[in-house]
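What the coordinates show
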Amino acid sequence: MLTKWIISRIPNHEDVKNERVRSDYGKAASLVGIGCNVLLFAGKLVAGLLSGSVAIMADAVNNLSDAATSVVTLVGFRLAGQQADADHPFGHGRIEYITGLLVSLAVLLMGVEIGRSSVEALLRPQNVQMSLLALVILAAAILIKLWIFVFNRALGRAIDSQAMAATAADALSDMASTGAVLLSAVIGQWTRLPIDGAAGLLVAVLILKTGWEAAQATLAP
């Protein structure tokens, strides 16, 4: 299994109480997130341009946001892994929670922006022409996000990380939103209703829900 193989490549991966090991877990999760989300962004961008779909373009931008938040998480884990010093005698572990909160805020901001674009699409609907390539890209994106969810959940449980739990929740939300976009793309070929804008708005609601729940989970600790 790919997840287990990646974990096995982390030095001393069983010593999850060690801050350096925790930092290496965070680095692995972040690098995987950056790579996968950049790939998904590029694929959905192509699909969106080919089809002229606002919902697909919104979904693509959401993946670009996920790549950016993975960079924030990477920096957060590197800082949290620093040794204790005179000013921080208990270490820098709280930075990990702050990182999770920043990820949540970025998700909320992206949800607002996607919602705004979707409302415009509802008011001024455009013709959407789906191709087989676009449909295949969206289906593949759902499978990739499923693995990202499983991967981050496994790493998050291994080191009890709220930041990774937030990332896993975001991946699950992305699966649902991409599924909604895929379904609307198929249905939209047989109706003149503004399905594309409605799907984009649903994506925005799911993203906002995920961001809010993740923010609550990081604020408490």
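Residue indices begin from 1 for each chain and proceed along its sequence in written order. A pLDDT threshold of at least 70 governs which residues receive local features in this predicted model, and a stricter bar of 80 or more applies before side-chain atom pairs are shown or counted, although totals over entire chains, interfaces and linings include all residues. Remark: hydrogens and water are excluded; side-chain values derive from all non-hydrogen atoms of the structure.

Remarks on the overall build of the protein
Broken down by element type, the protein carries 7 helices and 0 strands. Put simply, DSSP marks the helices as runs of H or I at least four residues long and the strands as runs of E at least two long, and each gets a number from the N terminus on. Counting from the amino terminus, helix and strand elements in the protein follow one another as α-α-α-α-α-α-α. Think of it in three bands: with a 1.4 Å probe and only protein chains considered, a residue is buried below 20% of the maximum accessible area for its type, exposed above 50%, and partly exposed in between. Each of the 221 residues in the protein was classed as buried or not, and the buried ones make up 45%. Residues count as neighbours in contact if any of their non-hydrogen atoms are within 4.5 Å of one another. Restricting the contact set of the protein to residue pairs at least 6 apart, pairs at least 24 apart contribute 75%. Accessible surface is estimated by sampling points in the Shrake-Rupley manner with a 1.4 Å probe; for residues, cover comes only from the protein chains shown. Entry remark: accessible area of the protein is about 11,300 Å², with carbon and sulfur atoms responsible for 67%.

Details of the packing of helix 5 (residues 132-159) against helix 6 (residues 162-187)
Helix-helix packing: each pair is described by the crossing angle between the helix axes and the interaxial distance. At a minimum axis distance of 8 Å, the contact between helix 5 and helix 6 shows a crossing angle of 165°. Taken together, helix 5 and helix 6 sit at an angle that is classed as roughly antiparallel. Handedness of the helix 5/helix 6 crossing: left-handed. Considering only residue class, the contact of helix 5 with helix 6 consists of 19 nonpolar, 5 polar and 3 charged. Helix axes are fitted only over the stretch in contact, all axes being lines through C-alpha atoms; the angle between N-to-C directions runs from 0 to 180 degrees. Between 65 and 115 degrees an angle is taken as roughly perpendicular, under 35 as roughly parallel, over 145 as roughly antiparallel, and anywhere else as oblique. Note on convention: the crossing is left-handed when the near helix lies turned anticlockwise from the far helix by less than a right angle, right-handed when the turn is clockwise. Note on residue categories: nonpolar means Ala, Val, Leu, Ile, Met, Phe, Trp, Tyr, Cys or Pro, charged means Asp, Glu, Lys or Arg, and polar means any other residue, Gly included.

Quick notes on a nonpolar patch on the surface
Side chains of Val72, Ile98, Leu102 and Leu105 sit close together on the surface and give an oily, nonpolar patch of about 340 Å² of accessible area. For the nonpolar patch, the leading source of residues is helix 4 (residues 94-123), giving 3 residues. Patches here are clusters of residues that have more than 30% relative accessible area and form no salt bridge, with a 9 Å joining cutoff for like charges and a 5 Å cutoff for nonpolar side chains (Val, Leu, Ile, Met, Phe, Trp, Tyr). Definition used for salt bridges: Asp or Glu carboxyl oxygen within 4 Å of a side-chain nitrogen of Lys or Arg.

Honestly, that's just the spatial picture; any functional story needs more than this.
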